[in-house]
Amino acid sequence: MRKSFLIRFLVVALCSSAAWAQRIQNADMFFSAGPAWNKSRAIGGTNVTLAGSSGFAYQLDYGYQIARASAASLMIDFSWVLAAPGAVEANVPGLASTSMNAATLGLRLMVPVHSRLSFYAVSGGGGGWFSSPTVIGGASPSVSSSSTIHGVFAFGGGADVRLSRWFSLRAEVKDLVTGKELSGAAGRHHVLPLFGVAMHF
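Just so it is clear, the structure is predicted and the values come from calculations on it, not from any experiment.

## Digging into the confidence of the model for the protein
So, point 1. Looking at the protein, the pLDDT average stands at 88 and 88% of residues meet or exceed 70.
So, point 2. Looking over the protein, one finds the lowest element-wise mean pLDDT in helix H1 (residues 2-21), namely 44, and the highest in strand E11 (residues 167-177), namely 98.
So, point 3. pLDDT under 50 marks residues 9-23. Its contacts with residues more than four places away, or in other chains, come to 3 contacts.

Written as structure tokens, this is what we have:
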């Protein structure tokens, strides 16, 4: 039993060492941030109007290559996004949060167009937690926050500019599509422009 385990361990270690020696890279991690905002709008079914707000979004993205054809590569893509477009005020008393957390798993297609420049498309699905403005009270209404867990479909794309073997700059636009009027959005879309650094290993 121990001998069998040792043999398997040595095979994996040797393969990993060979891959490292050949400098094979099949994974990356992308740290990014960007603006997040909500436009002014009315809460559906009420006369309460929300002011616009702005804040920031942050993303941690991990990709692992599962297939390669010619120069293009297909990767499994895991993404976690935290967005805080800011607390919003309304034409009635109160303050409401519009933050959201979303995690998605999907696929990313990377297509190099130059030795240092690649374009890519990404899509996936998952779920998230959304904090949204809601109206409470009767004759004297006010605005508060409610929390909802909802499914998420994400799609987008971007460009990767390689600085070295280990690092690149990356710009991406991602749309998180979920339920209506969640996290301060008027519809189902949460569009986020993101900029950051990717590490390749």
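There's more to say after this.
## A closer look at the pairing of strand E12 (residues 189-200)
So, point 1. Pairing of strand E1 (residues 27-38) with E12, which is carried by 6 bridges, proceeds in the antiparallel orientation. Bridge pairing in E12 links phenylalanine 31 to valine 197.

## Focus: the packing of aromatic side chains
So, point 1. For the coordinates displayed, the defined rule picks out 2 aromatic pairs.
So, point 2. For the cation-ring pair, arginine 108 lies above tyrosine 120, with the distance from its terminal atom to the ring centre recorded as 5.9 Å.
So, point 3. Its guanidinium or amino end placed over the ring of tryptophan 166, arginine 165 lies 5.3 Å from that ring's centre, counting from NZ or CZ.

## Considering the sheet that holds E1
So, point 1. Judged by pairing direction, the barrel is antiparallel, and its 8 strands sit side by side in the order E1-E4-E5-E8-E9-E10-E11-E12 before closing back on the first. Within the sheet, the average angular offset between the axes of one strand and its neighbour, ignoring direction, is 25°.
So, point 2. As defined by bridge partners, strand E5 (residues 72-84) adjoins strand E8 (residues 100-112) across 11 bridges and the pair is classed as antiparallel. Looking at E8, one finds that aspartate 77 is bridged to glycine 106.

## Thoughts on the environment of leucine 82
So, point 1. Turning to its location among the elements, leucine 82 is positioned in strand E5.
So, point 2. Residue leucine 82 is classed as partly exposed on the basis of its relative accessible area, which comes to 28%.
So, point 3. For the pair leucine 82 and tyrosine 58, spaced 24 residues apart in sequence, the C-alpha to C-alpha distance is 5.3 Å.
So, point 4. If sequence neighbours within four positions are ignored, leucine 82 has contacts with Phe56, Ala57, Tyr58, Met100 and Asn101.

## Considerations on the nonpolar core
So, point 1. By size, the foremost hydrophobic cluster in this structure holds 13 residues, and its most contacted members are Ala57, Met100, Phe130, Val152, Leu176 and Leu192.
So, point 2. Those elements that provide at least two residues to this core are E5, E8, strand E10 (142-162) and E12.
So, point 3. With sequence-adjacent residues up to four places away left out, leucine 192 is seen in contact with Pro35, Ala36, Ala57, Val81, Met100, Glu172, Val173, Lys174 and Leu176.
So, point 4. Ile43, Val48, Val92 and Ala96 belong to the second-largest nonpolar core, a separate cluster that totals 7 residues.

## Thoughts on the side chain of arginine 108
So, point 1. Mapped onto the elements of the fold, arginine 108 is located in strand E8.
So, point 2. Looking at arginine 108, the relative accessible area reads 1%, which means it is buried.
So, point 3. A distance of 2.9 Å separates a polar atom in the side chain of arginine 108 from a polar atom in the side chain of aspartate 28.
So, point 4. A distance of 2.9 Å separates the side chain of arginine 108 from the side chain of aspartate 77, its partner in a polar contact.
So, point 5. When near neighbours in sequence (up to four residues on either side) are disregarded, arginine 108 contacts Asp28, Asp61, Tyr62, Gly63, Ser73, Leu74, Met75, Asp77, Tyr120, Ala121, Val122 and Arg170.

Reading guide: rules and limits
Residues numbered from 1 in each chain as written. Predicted model: local features only at pLDDT ≥ 70, side-chain atom pairs only at ≥ 80, totals over all residues. Heavy atoms only, no water. pLDDT = per-residue confidence, 0-100. Helix = DSSP H or I, 4+ residues; strand = E, 2+ residues; numbered from the N terminus. Contact = heavy atoms within 4.5 Å. Pairing = 2+ DSSP bridges. Phe/Tyr/Trp six-rings, centres within 6.5 Å; stacked < 30°, edge-to-face > 60°. Lys NZ or Arg CZ within 6 Å of the ring centre and 35° of its normal. Axes fitted to C-alpha atoms, helices over the stretch in contact; angles between N-to-C directions. Buried < 20%, exposed > 50% of the residue type's maximum accessible area, 1.4 Å probe, protein only. Core = buried A, V, L, I, M, F, W, Y, C linked by side-chain atoms within 4.5 Å. Polar contact = N/O pair within 3.5 Å; in protein donor to acceptor, adjacent residues only side chain to side chain.

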